[in-house]
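# Analysis of the macromolecular model
Residue strings, one per chain:
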4 protein chains.
Amino acid sequence: MIRYFTAGESHGQALVGIVEGIPAGLSISSEYINHQLWRRQQGYGRGGRMKIESDKVEILSGVRFGKTLGSPIALVVHNKDWHNWIEKMAVEGDGSKIEKISIPRPGHVDYIGSVKYGFDDIRNVIERASARETAMRVACCTIIRKFLEENGIFIGSHVLSIGSVIVKNRMNIDKLIKRFTKAACGAYKIAEEADKSQVRILDKAIGNKAIASIKRAKKLGDTLGGVFEVIVTGVPLGLGSYVHYDRKLDGQLTQAIMSIHAVKGVEIGEGFANAQKFGSQVHDAFGLKDGKIMRQSNGAGGLEGGVTNGEMIVLHGAMKPISTLANPLKSIDIKTKRVVDARYERSDVCAVPACSVIAEAVIAPVLANAFLEKFGGDSMREIKTRYKKK
Amino acid sequence: MIRYFTAGESHGQALVGIVEGIPAGLSISSEYINHQLWRRQQGYGRGGRMKIESDKVEILSGVRFGKTLGSPIALVVHNKDWHNWIEKMAVEGDGSKIEKISIPRPGHVDYIGSVKYGFDDIRNVIERASARETAMRVACCTIIRKFLEENGIFIGSHVLSIGSVIVKNRMNIDKLIKRFTKAACGAYKIAEEADKSQVRILDKAIGNKAIASIKRAKKLGDTLGGVFEVIVTGVPLGLGSYVHYDRKLDGQLTQAIMSIHAVKGVEIGEGFANAQKFGSQVHDAFGLKDGKIMRQSNGAGGLEGGVTNGEMIVLHGAMKPISTLANPLKSIDIKTKRVVDARYERSDVCAVPACSVIAEAVIAPVLANAFLEKFGGDSMREIKTRYKKK
Amino acid sequence: MIRYFTAGESHGQALVGIVEGIPAGLSISSEYINHQLWRRQQGYGRGGRMKIESDKVEILSGVRFGKTLGSPIALVVHNKDWHNWIEKMAVEGDGSKIEKISIPRPGHVDYIGSVKYGFDDIRNVIERASARETAMRVACCTIIRKFLEENGIFIGSHVLSIGSVIVKNRMNIDKLIKRFTKAACGAYKIAEEADKSQVRILDKAIGNKAIASIKRAKKLGDTLGGVFEVIVTGVPLGLGSYVHYDRKLDGQLTQAIMSIHAVKGVEIGEGFANAQKFGSQVHDAFGLKDGKIMRQSNGAGGLEGGVTNGEMIVLHGAMKPISTLANPLKSIDIKTKRVVDARYERSDVCAVPACSVIAEAVIAPVLANAFLEKFGGDSMREIKTRYKKK
Amino acid sequence: MIRYFTAGESHGQALVGIVEGIPAGLSISSEYINHQLWRRQQGYGRGGRMKIESDKVEILSGVRFGKTLGSPIALVVHNKDWHNWIEKMAVEGDGSKIEKISIPRPGHVDYIGSVKYGFDDIRNVIERASARETAMRVACCTIIRKFLEENGIFIGSHVLSIGSVIVKNRMNIDKLIKRFTKAACGAYKIAEEADKSQVRILDKAIGNKAIASIKRAKKLGDTLGGVFEVIVTGVPLGLGSYVHYDRKLDGQLTQAIMSIHAVKGVEIGEGFANAQKFGSQVHDAFGLKDGKIMRQSNGAGGLEGGVTNGEMIVLHGAMKPISTLANPLKSIDIKTKRVVDARYERSDVCAVPACSVIAEAVIAPVLANAFLEKFGGDSMREIKTRYKKK
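The residue count restarts for each chain, going from 1 along the sequence in the order it is written. Chain labels run from A onward and ligand labels from 1 onward, assigned in the order the entries are written. A pLDDT threshold of at least 70 governs which residues receive local features in this predicted model, and a stricter bar of 80 or more applies before side-chain atom pairs are shown or counted, although totals over entire chains, interfaces and linings include all residues. Think of the side-chain values as coming from all heavy atoms in the structure, minus any hydrogens and water.

Here we take up the interface of chain C and chain D. If you look at the interface, chain C gives 99 residues, while chain D gives 99 residues. As used here, buried area is the combined drop in accessible area, with a 1.4 Å probe, of two parts when they are placed together. Between chain C and chain D, a total of about 8,000 Å² is buried, with carbon and sulfur atoms accounting for 64% of that surface. Each salt bridge in this description consists of a side-chain nitrogen of Lys or Arg and a carboxyl oxygen of Asp or Glu lying within 4 Å of one another. For the pair chain C and chain D, the number of links is zero salt bridges. N or O atoms closer than or at 3.5 Å make up a polar contact, with two conditions inside protein: a donor-capable atom paired with an acceptor-capable one, and, for residues adjacent in sequence, both atoms drawn from side chains. Linking chain C to chain D there are 37 residue pairs in polar contact (both at pLDDT 80 or more). Charged means Asp, Glu, Lys or Arg here, nonpolar means Ala, Val, Leu, Ile, Met, Phe, Trp, Tyr, Cys or Pro, and polar covers whatever is left, Gly included. Within the side of chain C that touches chain D, the residues separate by chemical class into 44 nonpolar, 35 polar and 20 charged. Pairs of residues are marked as contacts when any of their non-hydrogen atoms sit within 4.5 Å.

Encoded structure:
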């Protein structure tokens, strides 16, 4: 089983991750991981920090001569801005001269975290609660994703809406997706295509509207959320299981996505829209193609009974608007107990494109563990003798 | 930590469950559990089986003189129809005279399961994949729910839509909910109110339309899904944690609900709708009331940063239409490899009300474990000295 | 991954178990399990209860026509003595007429358990703390053991000492073991041979001395413990892993055995004796046999670096003397706080042979999970195409 | 729940660890951890490497101004010798010029690991399998240990035997232990006293004999193992549970110790010796002292039924002699399949004192998690209001 931990504060010295359970002999490089970190930093509407950073990962263990050793892989992303934070985020010392934050931001865990952990400085919360953590989550999961790719399983994503700008007519993008997904690596091609858009929207006209709407939000001191679609191609039939509730892959996949900062909704395929239809419109009749059993549609989004059905997996995530507003909502100073404007800390106006890239990453462990449960194995060679890509 | 396992085939001798980790001294009775089993069997649109069954649980261990012992609690629900299935579902014997099922139903895991586990009889899949399993899940979780109730945490639910019949204007039901949730046990009152409707819809007119729409679907040999809302009241601030991705309560709650049969979407509060709004419309400004910090709204659905914020938790689940259609879709006979009509096995037309009751149950372990992580304790007495209900 | 839960009080209605994760298509019967339950009940020095019981398991789910379904397997062992305990162990009622136990027995968890869980009746502790629970543990693990056997991995055991009667000279028994273990199922043959002895001692003369010593202990109102040896043959090289501390098989095997009632020591091979020797005397030089790499000895007990090395696994467990003494030690009445004699509850004088059989069982999940991690698979057929018995 | 991962190869750039689940507000410093790393490096009989290293830990996250934040704590120990290994252990490159190791050492996992993971270079195994990993395990566990100490629970250790030199008469050291353990921090005092000996033996004369015996072993090109005793004082009654097999603290504690490199035996108290005695000699009668219930002895080693009984916990670990011999055993070159002398890689002659220090560390997570299960809590302040040190 693959497991991973992340550590690190937003303005601390470094983000750190450990990935345990990767089979031996998988080719991986920091460059490969950095490309995903770069993708996570893109998108129209990001704040100033994205420019400072350009995250670079360092592999400290578990890889030798470009191949995994089977042993835990330690990753570090150093904070390039650390010199500005050495005092404020010092590990030692008493911090008596450092100003404390006492005004929580609605939508964030600022207030709750300080009550839960007994802090009088909200910085102690926001440093770990920050979505900066997802940089390391992406780094860790990229290794796991590479494992899937070598077994012919590819993950991609694109954005379906930003604020009220929505891809309502899917006809054009579905044509595109259909064309791409003729190849097993289809999801990857979708991702590449989406990478060309600043908002990861495959329909160019809608994309431009979305950019305009982010500009408007920024001018208003406001923020936007949106909905993204994650697609997995090349998935073998039979991953996950219906036999026990906690082994259902749909539950595991949606937990992974719901655990991303600001995600407040997840559906498999058109889950919510399908709830309004008749069964005959939703379920996927069987058919035969060249003597092989196939499906005539994919209303199930690739999952039936919590198990992959061999079709493309389709997941949607809904991201709430960014919680930090330049034109702030009301808050309470926890020290003075007075009503004040919520604090503003440098932030994005819209991060849906980034969220979509993060979602691609975080589902990789779920799929990889279901794959390993079925096929087992300690090394890429052993696994590949058992499982041949289609 | 509370853990539970369920076992049992749909037409097997019995469903069995074990719940491990319940503190000692909790009052519980089979009657109390049976009430929830009864609620799970209600709802307009259920098939014939619901009439046969009227599930009754038997407590085999872990409870003495009406109180839990701290030891694992074993539950059994005997199958009242077992005498009709003794031969078909025999544990011993070779089954050579029993007819095999070879036609999978779209939407079910029938085909996938038989490939995954190497069966030539689809009955081996459908017996465990059946939503009958949720009877035991509800039984197990009802004990855990009782634990929450004794600590002032209450769970309830109602239905928001069945097929295309939707509670579009929430004004009336929100008034109702607001009135009920003045009490800590508000969610329970909501549940009671919803129990009065055959479709668990709080708005009577919409409820009647929903019933009509189920009738129509039945006539068409078709099925319906819908959306339900689960509400938790009395939740203390600070359950769950933002510090590590797998400790986020939103992800855990989502997994629990998504693991229910036929659920294909989950959102926290109005997760998908909120993704279309501005941040200033979604986030919940702080205010003061009688000198205490409070919120002016609950756009967050009770969870910020994966942690409870002290407001009511609001979760929505989207259930797809039942997969078994009286007027069937096309399938393939896996034995003959010929295109045929999908098999019909006695089934419901709509089970959204039941699903909503099941969802109430399955989130209980998530909340109870987060509660125990914060407050610890081996017995109800020990826990209650630490945690006083508001 | 295979997981299992047990439930049930010693004098409750039934013991219940659920085993989750067994691949589909494994042949299993209640008869097969009952044989292991019978073995667990043997041994000179057992108390009266063993005669009442003769445990019989009932399979309630997960098996159809003699083969596992991949779904959870529920097991029940009904308490044949239940009619005598219906009132004392009633699930409902208030128990006001039932006498409470207030005198804890040294060596048992009686006192600790009642403080931990806040009981005023020690019966609430002893019912679950009783070694009766191991009957269900053996039942559950026997299914898992059958899985190992079908993959050519066999587990057996025999007893090395009872009280101060010790197999000091291993020459004769080692000859026997060597002869048996030429076959892959060697461990099973050792178990069969040991089954012939009332004390599971392979050396007949020592066995007779052990029986005499148990008789003497009984006359004294005292009890005895001892040491047993568990052997696993047919183990493939490479189960477990050195890459992370919690994946080391030696640690996992040890935990399994140490979690049996009354076990207070575990060693791998001659762990404690080897600590007194030079490295050159302990480690196992490599050699060649018919061109294949082999070992010249098995000082490692089959495990190096927490991984199986292809040699026979050898584990020793030390069981303390039974805690319930007919001639009791001093105790304190927790109600009156007065010094009294410890309570006597029907018990064995010596249960080392049973403990040895239980140890055979409880290590099965550890081995099976390591096996599944390496070879994966959902059905016996799938697994057997990958892994061929030597 | 506290969880921790370690990563890092013996001659890689760094060892890395992440500890997740530590409550907020715990005082910790790198200095405090370094002291334990220093203790781990002591002991007569260590190889050259101990002099190079003098491990220093760097805290990269989870601590601010000397206090934990509740967020994961990342630790790094840089390899001071890294400049000599940059090429041999490079993460990138193809390693084509780097010599491969093809001769496995008996007693190590060298051969098994290379077969399991499919390596043609044994270095890929030994780098992670090396006991160097325990430096990070100690670092991680020291933080957890600090958590215990602030709750009045102290861990210490001393050595009972090295090779055939054994503390046979415990009278003197037991007097010492009794004196120390009058204070709650008794175990810590024992550790301090043992720290004064190069072999951690409390009896000075035996200590000198042990040193002489290590010298002799070294001259012979041989190695030695031994037995150590770990003691925990200040443990509250009632940690762990008897209600389910995997919650028994004795099993968990012994797994932790058995997972240390080269440990091949673990007992609770005098587990193996007690197996030879009568029950009346082993079990601990109750008594009254100042009106409080107490024990008259500690044959149970502080654990009954897998639960702490309030007495001092006593654990023994048996370490096999170091596997790397200067005067090597026979091996096989896996490339040429020829019989050769096993490879010698710089190593210790005896590391029992270090092992004893490591054992102190690795049991801390087990105790801390049992403690948190009973008392819960997110911050040191919250926990201390619930649990007062005796």
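Further remarks concern the confidence of the model for chain A. Per residue, pLDDT measures the predictor's confidence, with a range of 0 to 100. Mean pLDDT over chain A works out to 96, with 98% of the residues at or above the 70 mark. The ipTM value of the predicted complex is 0.97, and its pTM value is 0.98.

It is worth spelling out the relation of the copies chain C and chain D at this point. For the pair chain C and chain D, the superposition axis carries a translation of 0.0 Å, the fit reaches an RMSD of 0.0 Å, and the rotation angle comes to 180°. Given the turn and translation reported, the copies of this chain are related as if by a two-fold rotation axis. Here 100% of the interface residues in chain C have copies in chain D that are interface residues too; the copies meet face to matching face. C-alpha atoms of residues with pLDDT of at least 70 in both copies form the basis for the least-squares superposition of the copies.

What follows covers the relation of the copies chain B and chain C. Take chain B, turn it by 180°, move it 0.0 Å along the axis, and it overlays chain C with an RMSD of 0.0 Å. Looking at chain B, 100% of its interface residues are interface residues in chain C too, so the copies touch through the same face.

Pairing of aromatic side chains requires ring centres within 6.5 Å, counting the rings of Phe and Tyr and the six-membered ring of Trp. Pairs whose planes differ by under 30 degrees are stacked, by over 60 edge-to-face, and all others tilted. Under the definition given, this model contains 40 aromatic pairs over all chains. Their ring planes at 80° and their centres at 5.5 Å tell us that Y111 of chain C and F286 of chain D sit as a pair that is edge-to-face. Of this pair, Y111 of chain C sits in helix α3 (residues 110-117) while F286 of chain D sits in strand β11 (residues 286-289), which puts the two residues in different chains. Taken together through their ring pairs, the aromatic side chains of F147, F371, F375 and Y387 of chain A make up a single cluster. Definition used: whenever NZ (Lys) or CZ (Arg) falls within 6 Å of the ring centre and also within 35 degrees of the ring normal, the charge is taken to sit over that ring. One residue, K88 of chain A, lies across the ring of W85 of chain A, its end atom 4.7 Å from the ring centre. Above the plane of the ring of Y117 of chain B lies K116 of chain B, whose end atom (NZ or CZ) is 5.6 Å from the centre. Runs of E in the DSSP output that reach at least two residues are strands. Runs of H or I that reach at least four are helices, and both are numbered from the N terminus.

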